[in-house]
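A look at the structure
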Amino acid sequence: MPITLVTLAIILFAWGFAALTFTGLGLLANRRWGSRTPSAQLILDSFWIGWAVVIAGLQIWHLFLPVRWYAFVVFALPAFAGIVIEWPALRRLLAEARPPAMPTLFAAGAALGAAALAYRSIVSPMPYDLGFYHWQSVRWATAYPIIPGLGNLFRAYGLNSSHFLYAGLFEAGPLAGHSPTVVNGLFVLAFAMQGLRSGWRLVRGGRVQGRDVFALLLIPGAVDVAMRRELILSPDLLVWVLGAVIAIRLFEVLDDAVRGRQIAAHNVFFIAAIAAAGVTVKLSFAVVGAIALAIAAAVWIWQNRDRLAELRRGLWQIALAGLALLVPWMVRGVILTGYPAFPVPALSVPVDWRVPREEVVLYVETLRAWERQPGYPVEEVLAGWGWLQPWLESRLYNEPRISHVAPLAIGLLGVLAALAGRVMVDRAARPAALIWLVLLPPLLNLPYWFLSAPAPRHLGATLWWLMAGSVTLALCPLLRRRTRLAVIFVAVLCAALTGFAAQPFSLSELHAGMSLPAVPEPELRSYTTSSGLELWVPASGDQCWDAPLPCTPRPLEGIRLRGSDLAGGFVLDSSDPGAAVP
């Protein structure tokens, strides 16, 4: 199957290049703001810190230049320098690995997982939103520097996800036009490496730690999102992974505090960087990210309340991580729509391309109504609770139960079991009260999600986070007294959930002619606005897919160019708010 092997090799090469770039940048960042002693965990952390550095850099880059392949080279040069600088320490780390076979097992697991994810990326169906606005957002990012008022052309183009800038890095060579296929799988693989490391520590013997149980219980969720959700460009998958990464680090911070260990400022810095980067990917991540950061920072500050110099240095690092990511993101939001956090209408900047506030409010209400009861009038859905019963029926019968019902049910049972354990088990075997704070982010995120846009894809890792945390808390007495029984229980639970989650995986679509899928080109019609601006509109439906720029599913009569060409941006005539043209 030569074509199949070449296709897989292209994806794996792209992932390897990106992984080395992220890790190298992360190692450099850790030399400046983190630990200077490489370890297995620090290498895993460096991947995510390096990715956040790239996201921060891309947001600034796109203010002046389109995002193209050479931006990747610019990031890669210092990254590979970082690997060279740290190579002696990395080589020493490999030589001192215990057992000596661990690096080989780790590499074998990574290779097997990478091949499975690459195959799954090729055969994964293209999601609806890819044609609706995801791919067009990537095309704008690669064709021009950031466009003022792009949200006026189509509201979804103003959603300002940094994930689409990242996708633009892969638009080169054999991946040109195929980059959606390679964007997401690497993040699932990187998270799986964390789970593989935790699983190894559980089975090798010795004292079992709750943090390893917690991390391992999240692995079935990662398999689920890879098998049942979109591996094709969707920010929702990345938001799931980032939520799980933060969950593991928050548990470790709380566990260290309970055990009386010194909490490293690097851990709080890590949560701050990933939380801020997650917001730039999708605004809804702000709730769970902010709560997790607040908990970790509060515990760290309390532990170091007598070390003022260390506190000042650590707080400066945390603030820098947030500002470096969120300030460019808000600037981009203002340029795209006139709002720093579009579609939140509360804050706006009086620029001539600002999307009218009433249009932003209508857009938010339309999204809320659609996620509750799609296809029904907005006013009717938002007027009461009549949408609740059909919503429940749809989620229970139309959604994969392993994705949502199973982790929610197990999570609630775990909470009850952990609460019962606090009554029935002696104090020495109970989990400390502080560790229960790991459940606070998912528990607070659930009502926010339900009242805003209650679609399962907007939950991120919330339900799996709740399940992993509650089961770990419930198992604390067993972890301390009957370690082998606890490990067997965790292994059986993870195996069962992973088996159900992996059911969609099949090699039936593997064939010799398999190649990277291309984004479709839709049938289009031309529409000219009153200002003479010519727009491309889908002849049917509302997906532009790979249509030429500018394409919009819902053309507005009142839209016009700000300047002489598309790079100048778009504005809406104040005299005509611009009803959508049929």
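Before any of the text, the structure's been laid out above.
Anyway, here's the lowdown on the structure attached to this text. (Residues numbered from 1 in each chain as written. Predicted model: local features only at pLDDT ≥ 70, side-chain atom pairs only at ≥ 80, totals over all residues. Heavy atoms only, no water.)

A word on the environment of Arg-197. As for its placement among the helices and strands, Arg-197 is situated in helix 8 (residues 185-203). A relative accessible area of 16% places Arg-197 in the buried class. Sequence separation between Arg-197 and Ala-215 is 18 residues, and the spatial gap between their C-alpha atoms is 9.2 Å. Only 2.8 Å separates the side chain of Arg-197 from the side chain of Gln-41, close enough to count as a polar contact. (Helix = DSSP H or I, 4+ residues; strand = E, 2+ residues; numbered from the N terminus. Buried < 20%, exposed > 50% of the residue type's maximum accessible area, 1.4 Å probe, protein only. Polar contact = N/O pair within 3.5 Å; in protein donor to acceptor, adjacent residues only side chain to side chain.)

Take the state of the cysteines next. This structure, assessed with the given rule, holds one disulfide. Across a sulfur-sulfur distance of 2.1 Å, Cys-544 and Cys-551 are joined as a disulfide pair. One disulfide, between Cys-544 and Cys-551, carries an S-S torsion of -85 degrees and so falls in the left-handed class. Judged by relative accessible area, Cys-544 falls into the buried class, the value being 0%. By relative accessible area, Cys-551 is classed as buried at 0%. (Disulfide = S-S within 2.5 Å.)

Moving on, we get to the pairing of strand 2 (residues 534-538). For strand 1 (residues 524-528) and strand 2, the ladder comprises five bridges, and the chain directions are antiparallel. Bridge pairing links Leu-524 to Pro-538 in strand 2. Hairpin connection, strand 1 to strand 2: the antiparallel pair is bridged by five residues, and Gly-532 has positive phi, about 95 degrees. (Pairing = 2+ DSSP bridges.)

Attention now moves to empty space enclosed by the protein. Scanning the model with the defined rule gives three cavities of 30 Å³ or more in all. The space that makes up the largest cavity amounts to roughly 150 Å³. If you go around the largest cavity, you meet 18 residues; those closest to its centre are Ser-137, Leu-150, Tyr-157, Arg-332 and Leu-336. Elements with a contribution of two residues or more to the lining of the largest cavity: helix 5 (128-143), helix 7 (162-168) and helix 14 (308-337). Looking at the lining of the largest cavity, the element that brings in the most residues is helix 5, giving three residues. Along the lines of polarity and charge, the residues of the lining of the largest cavity split into 13 nonpolar, four polar and one charged. (1 Å grid on protein atoms, 1.4 Å probe; cavity = no way out; pocket = protein on both sides within 12 Å on 5 of 7 lines; lining within 4 Å. Points joined across faces, edges and corners; volume = space filled by probe spheres on them. Nonpolar A, V, L, I, M, F, W, Y, C, P; charged D, E, K, R; others polar.)

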